[in-house]
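The chain contents come next:
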Amino acid sequence: MRIALLGYGKMGKIIERVAEERGHSIALKVDSKTTTLDFSQTDVAIDFSLPTTAVKNIKAALDHNIPVISGTTGWLSHYDDIVTYCKSKKGAFLYASNFSLGVNIFFEVNRVLASLIANYPDYELNIEEIHHTQKLDAPSGTAISLAEDIIKNSNYKNWTLDEADSNNIKIKAKRIVDVPGTHIINYNSDVDSIEIKHTAHNREGFALGAVIAAEWIADKKGVFNMKDVLNIG
Ligand SMILES: NC(=O)C1=CN([C@@H]2O[C@H](COP(=O)(O)OP(=O)(O)OC[C@H]3O[C@@H](n4cnc5c(N)ncnc54)[C@H](OP(=O)(O)O)[C@@H]3O)[C@@H](O)[C@H]2O)C=CC1
Ligand SMILES: O=C(O)C1=N[C@H](C(=O)O)C[C@H](O)C1
C-alpha cells in the first residue's frame, strides 16, 4: 500500500517506520513547508497534523478519491461537515481520537462502568488526562471520547474543562514534559473510590493502530470508527 502522511511530526515519523515494517511505502510526506499535495501515487492517506490543518488535509484526500483516516484532535467542531463532505464525494473516512488497541479496550470498560454506576449518585466523577507540553489542544480527544461515552451511559448531560459543576463531567488536563498520554476515570464517594486508568508508555500503539486502520479502510466506502476496525465490544 502506498501511504500519504498528512503531517510528518512525532506521529508521522513513527507511522512511517511501522508502515514500512508492515511492507508499505510512503508516497507523500506533508508538513508545514509543503506547498502542493500530489496524491497521484497514493492508495490511502493518514492525517496526524494540527487542529487547524486537519480539515483541509482530509478534504484534499477526499477530493482525490483517496480513503483517509485522521488521528488529529482538536478539530471536531467540523466533524459533521467532514461526514457530509465524505458522503457527497462517495469517499472513505475514519476518525479516531485514539488508535491504540489498549485505549479502545479502555473505552469499552469505561462504557460498562458508567452504566453500572449511573444509578448511584453518591459517586462523584472526574476525568484526568496528562500529556506532553507540546500538545496544542485540551482536553485531549481521548478524554472527550471518554466523556461522551459516559454521557451516553449515565445521567450526566455535558462535560467541562476544569470547572466543577455537578451536572457536568469535570475534565482536568495536565501537561508534563514527555508524557505520551495518560487517562484516568475516577468515581469517588465518601466510603470508597473506583478508578480506571490507561497509560501509554510510548507512541507505538497509536501508530500501529493507525496503520491497521489505514490497511482496513483502503478498499472501503463510507464513514467509520475504530469499532468497525477492531473486533472488540
Ligand atoms: N488519534 C491518536 O491515536 C493520536 C492522535 N494524536 C494527535 O495527532 C496530532 C499530531 O500529533 P503529533 O505528531 O504529536 O504532532 P506534531 O506537532 O509532532 O506534528 C504535527 C505535524 O503536522 C505538520 N503540519 C503543519 N502544517 C501542516 C499542514 N498544513 N498539513 C499537514 N501537516 C502539517 C507539522 O509540520 P512541521 O513539522 O513542519 O511543523 C508536523 O509535521 C495531534 O492533533 C495529536 O493530538 C497524537 C497521537 C495519537
Ligand atoms: O497529542 C497527543 O500526543 C495525543 N493525542 C490524542 C488525544 O488528544 O487524545 C491521543 C493520545 O492521547 C496522544
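Rules used throughout
Residues numbered from 1 in each chain as written. Chains lettered and ligands numbered in written order. Predicted model: local features only at pLDDT ≥ 70, side-chain atom pairs only at ≥ 80, totals over all residues. Near = placed C-beta within 6 Å. Helix = DSSP H or I, 4+ residues; strand = E, 2+ residues; numbered from the N terminus. Domains from an automatic or database assignment. Contact = placed C-beta atoms within 7 Å. Nonpolar A, V, L, I, M, F, W, Y, C, P; charged D, E, K, R; others polar. Axes fitted to C-alpha atoms, helices over the stretch in contact; angles between N-to-C directions. Parallel < 35°, antiparallel > 145°, perpendicular 65-115°, else oblique. Left-handed = near helix turned anticlockwise from the far one by under 90°. UniProt positions renumbered as here; feature names shortened; annotations may be inferred. Buried ≥ 20, exposed ≤ 12 C-beta atoms within 10 Å, placed from the backbone. Expected span 1.5 Å × (residues − 1). pLDDT = per-residue confidence, 0-100. Pairing = 2+ DSSP bridges.

### Section: the site of ligand 1
Looking at ligand 1, there are 26 residues lining it, with Gly9, Met11, Asp31, Ser32 and Gly71 nearest. The element that contributes the greatest number of residues to the shell around ligand 1 is helix α1 (residues 10-21), accounting for 3 residues.

### Some points on the domain arrangement of the chain
The domain architecture assigned to the chain consists of domain 1 (2-99 + 204-229) and domain 2 (101-199). Look at where the C-alpha atoms of domain 1 and domain 2 centre, and you get two points 26 Å apart. Listed by partner, the interface residues are 9 residues for domain 1 and 11 residues for domain 2. Looking at side-chain class alone, the side of domain 1 that touches domain 2 contains 3 nonpolar, 6 polar and no charged residues.

### Section: the site of ligand 2
Taken together, the neighbourhood of ligand 2 is formed by Thr73, Ser97, Asn98, His131, Lys135, Ser140, Gly141, Thr142 and Gly181. In terms of residue class, the shell around ligand 2 is made up of no nonpolar, 8 polar and 1 charged. Counting contributing residues, the shell around ligand 2 receives three or more from each of domain 1 (2-99 + 204-229) and domain 2 (101-199).

### Focus on the packing of helix α4 (residues 101-117) against helix α5 (residues 141-152)
For the pair α4 and α5, interaxial distance at closest approach is 9 Å and the crossing angle is 30 degrees. As far as their axial angle goes, α5 and α4 are roughly parallel. Regarding α4 and α5, the two cross each other, and that crossing is right-handed. Where α4 abuts α5, its residues Val103, Phe107, Asn110, Arg111 and Ala114 lie against Thr142, Ser145, Leu146, Asp149 and Ile150. The residue inventory of the contact of α4 with α5, partitioned by class, reads 5 nonpolar, 3 polar and 2 charged.

### Quick notes on the UniProt feature "binding site: (S)-2,3,4,5-tetrahydrodipicolinate" (unreviewed entry) in the chain
Mapped onto this numbering, the UniProt entry gives "binding site: (S)-2,3,4,5-tetrahydrodipicolinate" (unreviewed entry) at His132, Gly141 and Thr142. One can find His132 in the loop between β6 (124-131) and α5. On the neighbour-count criterion, His132 (14 C-beta atoms within 10 Å) is partly exposed. Dropping the residues within four chain positions of it, His132 is found in contact with Val177, Asp178, Val179 and Pro180. Structurally, the position occupied by Gly141 is in helix α5. The exposure class assigned to Gly141 is buried, which follows from the 20 C-beta atoms found within 10 Å. In contact with Gly141, not counting residues within four places along its chain, are Thr73, Gly74, Ser97 and Asn98.

### Side note on the UniProt feature "domain: Dihydrodipicolinate reductase N-terminal" (unreviewed entry) in the chain
In the numbering used here, UniProt assigns the feature "domain: Dihydrodipicolinate reductase N-terminal" (unreviewed entry) to residues 1-99. Across residues 1-99, the secondary structure splits into 32% helix and 22% strand, with the terminal C-alpha atoms separated by 19 Å.

### Some words on helix α6 (residues 204-217)
Taking 1.5 Å per residue, 14 residues should reach 20 Å; α6 reaches 20 Å between its end C-alpha atoms and fits that length. Within α6, burial applies to Gly205, Phe206, Ala207, Gly209, Ala210, Val211, Ala213, Ala214 and Ile217.

### A short note on the confidence of the model for the chain
If pLDDT is low for a region, its predicted coordinates should not be looked at in detail. Mean pLDDT over the chain works out to 96, with 100% of the residues at or above the 70 mark. Predicted complex metrics record ipTM = 0.99 and pTM = 0.97.

### Some thoughts on the pairing of strand β2 (residues 25-30)
Of the pairings in the sheet, the one linking strand β1 (residues 2-6) to β2 comprises 5 bridges and is parallel in character. Residue pairing in the sheet places Ala4 in a bridge with Leu28 of β2.

### Some points on the sheet that holds strand β5 (residues 92-95)
Within the open sheet, the 6 strands sit side by side as β2-β1-β3-β4-β5-β11. Their pairing is parallel. Pairing within the sheet leaves two strands with one partner each, and these edge strands are β2 and β11 (222-224). Shown here is a sheet whose adjacent strand axes are inclined to one another by a mean of 15 degrees, direction ignored. By the bridge criterion, 3 bridges tie strand β4 (residues 68-70) to β5 in an arrangement that is parallel. Paired with Val68 across the strands is Phe93, a residue of β5. Lying over the sheet, helix α2 (residues 54-63) contacts β1, β3 (44-47), β4 and β5, oriented at roughly 165 degrees with respect to β4.

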